[in-house]
Amino acid sequence: MVDVIVAGGGPTGMMLAGELTLAGVDAAIVERRSTPELVGSRAGGFHSRTIEILDQRGIADRFLAEGKPVQAAFFGNTTLDVSDFPTRHPYTLGLWQNHIERILAGWIEELGVPVHRGLEVAGFTQDDSGVDVHLADGGPMRALYLVGADGGRSAVRKAAGIEFPGWDATRSSLIAEVEVTEETPAGIRIDEVGIHGLHLMEDGRTTRVVVTEKQLGPAAEPTLADLSKALTEVYDTDFGVHTPTWISRFTDATRQAAAYRSGRVLLAGDAAHIHAPSGGQGIGLGIQDAVNLGWKLAQVVKGIAPDRLLDTYHAERHPAGARALKHTMAQSIMQRADPRIGALADTVAGLLTIDEARKRLGGLISGLDVRYDLGEGHPLLGRRMPDLDVVTANGPRRVFTFLHDARAVLLNLGAPGSIDPGPWMDRVQLVDATYDGGWELPVIGSVSGPAAVLIRPDGHVAWTGDGTQRGLEDALASWFGPARH
């Protein structure tokens, strides 16, 4: 019996298990793959907000050491410059998913998260006190909660009977790593079929191929013959592709779970939403799901907060996911050189030269503009807390360093002793500090600095103060359970 079983050991599942473990909850991952090594490179990196989230946990440097910062936020075929955004990480980090997973696996191993490999969740039954998880090999496991982070075809989502409405695929692409016998053209090619490209990997031998198929491909696993056919239809040659490391098919199908929660079962990452990879938001959306859910689930498991806190996970992440999905649909349409779509793409590219438009879309793709609806108030409310350089009694600190242990922070920038978490002192760390710089928020711009902020473990602001305690106790009770006197 563990507190939480996480089905799926990809980036979302690992991040969630790490978050739960930091919060003192007994979490275990059940992963279908028998080895931690991911075959093939898969996705290619993540954006600013995801780097910030990793920075909040003190592990961003592990990824930055291996990745390559690039200005690669795109809308359609237009590059969106985010280098002037107010963040320490105003760029996209180019890093293949197999490396991302290896680094995350190292982190959760340090935390002591058990990973049960070669096991697949086939279904479950839940009752008032927990969830019995049925594994494909017949072995039972029981937990207080089950989280499906088991991908777009999620067995957990299906077993929960959660609907997955959305839009069917209109086109498909093959992605592969192969060897070639002919020289390949440089750069991306966009034509009436879609978007295509081949480039040499770091090993100097393997070529990564992305090619849109002329007709929508079947749901079956693609073959080398399928890849050869698709390449020939676009380039009039298949470049002598051979010895594939992996071949996969992705589509522009766009779907979102109708509910992110069914009793003691929750969904995160691709199990909750699938979309075209245009814009490169997939890994980031899953990691944002994980850090939103982790601290909430931990508090409910530990009896600190009531069960209804889990409903805020759907209330916050479902709209954020829906917004991102809508934009990936718009993006993927423009990655095709049909004359009419080309006219639309040119029009959009022209509009994106307007600074306000560039910032708005750059904020969405980078994940820096996410705002959870926590009601009226200061512009910071519900948004991510900037990583300010503050001065404490122990010297200068970055705000994100206070979040390394995934604990909430009550940051007092006013007179020392002017605010006090009172009976929540064991759940929230009080930090007295000074800050004399400006406050800049992505997309919004300059805002007035509050006297105090309550920062949730996911880095979002739950309350802002004016030098008094007004509203603080209500916010503490809402997010961190009732007071215990």
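Presented here is a report on the structure given in the accompanying data block. (Residues numbered from 1 in each chain as written. Predicted model: local features only at pLDDT ≥ 70, side-chain atom pairs only at ≥ 80, totals over all residues. Heavy atoms only, no water.)

Once that is clear, we can look at the packing of aromatic side chains. Applying the stated criterion across every chain, the model contains six aromatic pairs. Plain terms: the ring middles of Phe46 and Phe63 are 5.9 Å apart, the flat faces sit at 70 degrees to each other, and that makes the pair edge-to-face. Within this pair, whereas Phe46 is found in strand 3 (residues 45-46), its partner Phe63 is found in helix 3 (residues 60-64), the two being separated by 17 residues in sequence. For Phe46, a relative accessible area of 1% gives the class buried. You can call Phe63 buried: its relative accessible area is 2%. Between Tyr235 and Phe239, the ring centres sit 5.2 Å apart and the planes meet at 65 degrees, which makes this aromatic pair edge-to-face. As far as burial versus exposure is concerned, Tyr235 and Phe239 are alike and both buried. Connected via pairs of aromatic rings, a cluster forms that spans Trp295, Trp479 and Phe480. Over the aromatic face of Phe164 sits the side chain of Arg157, whose NZ or CZ is 3.5 Å from the ring centroid. The side chain of Arg264 reaches across the aromatic face of Tyr145, ending 4.9 Å from its centre. (Phe/Tyr/Trp six-rings, centres within 6.5 Å; stacked < 30°, edge-to-face > 60°. Helix = DSSP H or I, 4+ residues; strand = E, 2+ residues; numbered from the N terminus. Buried < 20%, exposed > 50% of the residue type's maximum accessible area, 1.4 Å probe, protein only. Lys NZ or Arg CZ within 6 Å of the ring centre and 35° of its normal.)

To continue, consider the packing of helix 1 (residues 11-22) against helix 4 (residues 97-111). Two numbers describe how helix 1 lies on helix 4: the axes approach to 10 Å, and their chain directions differ by 20 degrees. Taken as axis vectors, helix 1 and helix 4 run roughly parallel relative to one another. Handedness of the helix 1/helix 4 crossing: left-handed. Each of Pro11, Met14, Met15, Gly18, Glu19, Thr21 and Leu22 in helix 1 lies in contact with helix 4, whose residues at this interface are Gln97, Glu101, Leu104, Ala105, Trp107, Ile108 and Leu111. For the contact of helix 1 with helix 4, the residue count by class is nine nonpolar, three polar and two charged. (Axes fitted to C-alpha atoms, helices over the stretch in contact; angles between N-to-C directions. Parallel < 35°, antiparallel > 145°, perpendicular 65-115°, else oblique. Left-handed = near helix turned anticlockwise from the far one by under 90°. Contact = heavy atoms within 4.5 Å. Nonpolar A, V, L, I, M, F, W, Y, C, P; charged D, E, K, R; others polar.)

Burial of the side chains of strand 28 (residues 452-455) extends over both faces: Ala452 and Leu454 are buried on one face and Val453 and Ile455 on the other. In this sheet, strand 28 lies alongside strand 24 (residues 408-412) in antiparallel orientation, the contact comprising four bridges. The residue of strand 28 that forms the bridge with Leu411 is Val453. In terms of strand pairing, strand 28 meets strand 29 (residues 461-465) through four bridges, oriented antiparallel. Bridging from a neighbouring strand, Ile455 pairs with Val461 of strand 29. (Pairing = 2+ DSSP bridges.)

This part covers the nonpolar core. In this structure, Val4, Phe63, Leu297 and Leu454 are the most contacted members of the largest nonpolar core, which totals 83 residues. It is helix 7 (residues 282-301) that provides the largest number of residues to this core, a total of ten residues. Here Phe63 is in contact with Phe46, Leu54, Leu93, Leu95, Ile100, Ile103 and Leu104, once residues within four sequence places are set aside. In terms of nonpolar packing, the next biggest core, distinct from the first, is built from 19 residues, Met385, Leu413, Trp439 and Ile455 among them. (Core = buried A, V, L, I, M, F, W, Y, C linked by side-chain atoms within 4.5 Å.)

Structurally, Arg157 is set in helix 5 (residues 155-160). Despite its burial, Arg157 pairs with no opposite charge, the nearest such side chain being Asp150 at 6.6 Å. Once residues within four sequence positions are removed from consideration, Arg157 is found in contact with Gly151, Gly152, Ile162, Phe164, Ala257, Leu267, Asp270 and Ala271. (Lys, Arg positive; Asp, Glu negative; His and termini not counted. Salt bridge = Lys/Arg side-chain N within 4 Å of Asp/Glu carboxyl O.)

Examined bridge by bridge, strand 9 (residues 121-127) and strand 10 (residues 130-135) share six bridges and lie antiparallel to one another. Counted as the bridge partner of Gly123 is His134 from strand 10. The hairpin formed by strand 9 and strand 10 contains two residues between the paired strands. Alignment of strand 10 against strand 11 (residues 140-148), held across four bridges, turns out to be antiparallel. Along strand 11, the bridge assignment pairs His134 with Pro140. If you look at the hairpin formed by strand 10 and strand 11, you'll find four residues sitting between the two strands, and Gly138 has a positive phi there, around 95 degrees.

With that settled, the discussion passes to the side chain of Arg264. Positionally, Arg264 belongs in the loop between strand 19 (261-262) and strand 20 (265-267). Nearest to the buried, unbridged Arg264 among oppositely charged side chains is Asp127, at 5.6 Å. A distance of 2.9 Å separates a polar side-chain atom of Arg264 from the backbone oxygen of Leu144. (Polar contact = N/O pair within 3.5 Å; in protein donor to acceptor, adjacent residues only side chain to side chain.)

Looking at the second largest pocket, its volume works out to about 340 Å³. Lining the second largest pocket we find 19 residues, and of these Pro319, Val370, Arg371, Tyr372 and Asp373 sit closest to its centre. Elements supplying a minimum of two residues to the lining of the second largest pocket: helix 8 (311-333) and helix 10 (355-366). In terms of residue count, the dominant contributor to the lining of the second largest pocket is helix 8 (seven residues). (1 Å grid on protein atoms, 1.4 Å probe; cavity = no way out; pocket = protein on both sides within 12 Å on 5 of 7 lines; lining within 4 Å. Points joined across faces, edges and corners; volume = space filled by probe spheres on them.)

Before going further, it helps to examine the sheet that holds strand 3. Each strand in a sheet pairs with its neighbour through backbone hydrogen bonds, running either in the same direction (parallel) or in the opposite one (antiparallel). Strands sit in the order 3-7-4 across an open sheet of three strands; the sheet is antiparallel. Both outer strands of the open sheet, strand 3 and strand 4 (68-70), are each paired with one neighbouring strand and no more. Note: strand 4 against strand 7 (residues 92-94), three bridges, orientation antiparallel. Residue Lys68 lies in a different strand from strand 7, and its bridge partner there is Gly94.

Attention shifts here to the sheet that holds strand 21 (residues 273-274). Judged by pairing direction, the sheet is antiparallel, and its three strands sit side by side in the order 12-18-21 without closing on themselves. Here the strands that pair on one side only, and so sit at the sheet edges, are strand 12 (166-167) and strand 21. Where strand 18 (residues 254-256) and strand 21 come together, two bridges link them in antiparallel fashion. Paired with Arg255 across the bridge in strand 21 is Ile274.

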